[in-house]
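Survey of secondary and tertiary structure
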Amino acid sequence: MRSYELTTGRTLGVAFDHGDDFFPTLAEFCRSNGVRHGYIPMFIAGFAEAEIVGACEKLEDPEAPVWSKVHLAGVEAMGCGTLAYDAETDTVLPHIHTSLGEKAARSANGHTSHLLSAQVQFLVEMLVVEVISPVMTRPQNPDLYNVPLLTFGPLAAHAASAAVQSG
């Protein structure tokens, strides 16, 4: 286990628009607001369609991560996640989990997993809490199937990043 005290910055609210593509819109929000690290304590959403991690077949290696996806349409969703920064690509790497319920024929069925993609239907209402320090990154762990895992860097790394940003 690893734990770190987080120094938080701004708390921002964002509303996505009907038809927005979830992850590109989240990336634009982060870019335009200068958010590199943070967490999403909650969001509520309507998605015309969404893809989440899942499998219908027996898994060959139950210990390995699942990379296949399940497609859902016409869903209501709640979710949360973290935002880490990749300095090499100058992008924010979100890790979002969501619980989705289909509104139509299988409305009693729910699905919970890692969100891969989504098209907004009507709305996404999201809260984002910026983390000022420590730096949050998501390097791949070669000992665990190359799964990208959240890591926390030293305060000095954030100071260097902030100096580059303001310079």
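Our subject is the structure that appears above.
Given the structure is predicted, the values throughout are model-derived calculations rather than measurements.

**A short note on the pattern of salt bridges**
Tallied over the entire structure, the rule returns five salt bridges. For Glu28, the salt bridge goes to Arg31, with nearest N and O atoms at 3.2 Å. Here Glu28 and its partner Arg31 are both found in helix α1 (residues 22-33), three residues apart, which amounts to about one turn of the helix. Asp90 is the salt-bridge partner of Arg36, the closest N and O atoms lying 3.8 Å from each other. Here Asp90 lies in the loop between β3 (69-86) and β4 (91-102) and Arg36 lies in the loop between α1 and β2 (38-53), a separation of 54 residues in the sequence. Classification of Arg36 by relative accessible area gives buried; the value is 18%. In this structure Asp90 comes out as exposed when scored by relative accessible area, which is 51%.

**A closer look at α1**
Along its 12 residues, α1 runs 17 Å from first to last C-alpha, staying within 8% of the 16 Å computed at 1.5 Å per residue. Burial in α1 covers these residues: Phe22, Phe23, Thr25, Leu26, Phe29 and Cys30. What you see down the axis of α1 is that its buried residues fit within an arc of 165°, all on one side. Along α1, exposed side chains directed more than 90 degrees from the buried face belong to Arg31 and Ser32. Elements that come into contact with the buried residues of α1 comprise β1 (7-16), β2, β3, β4 and β5 (110-133).

**Some words on the pairing of β2**
Sheet topology places β2 next to β3; 13 bridges connect them, and they run antiparallel. Among the inter-strand pairings, Ala45 is bridged to a residue of β3, identified as Ala77. Pairing analysis gives 11 bridges linking β2 to β5, with the strands arranged antiparallel. Within β5, the residue paired with Tyr39 across the bridge is Val129.

**Considering the nonpolar core**
Formed by 29 residues in total, the largest nonpolar core has its most connected members in Phe22, Leu26, Phe43, Phe47, Leu115, Val124 and Met126. Those residues in contact with Val124 that sit more than four places away from it in its chain are Val14, Ala15, Phe16, Phe22, Phe43, Ile44, Ala45 and Phe47.

Here is what the cut-offs are and how they apply
- Residues numbered from 1 in each chain as written.
- Predicted model: local features only at pLDDT ≥ 70, side-chain atom pairs only at ≥ 80, totals over all residues.
- Heavy atoms only, no water.
- Salt bridge = Lys/Arg side-chain N within 4 Å of Asp/Glu carboxyl O.
- Helix = DSSP H or I, 4+ residues; strand = E, 2+ residues; numbered from the N terminus.
- Buried < 20%, exposed > 50% of the residue type's maximum accessible area, 1.4 Å probe, protein only.
- Expected span 1.5 Å × (residues − 1).
- Arc of directions from axis to C-beta.
- Contact = heavy atoms within 4.5 Å.
- Pairing = 2+ DSSP bridges.
- Core = buried A, V, L, I, M, F, W, Y, C linked by side-chain atoms within 4.5 Å.

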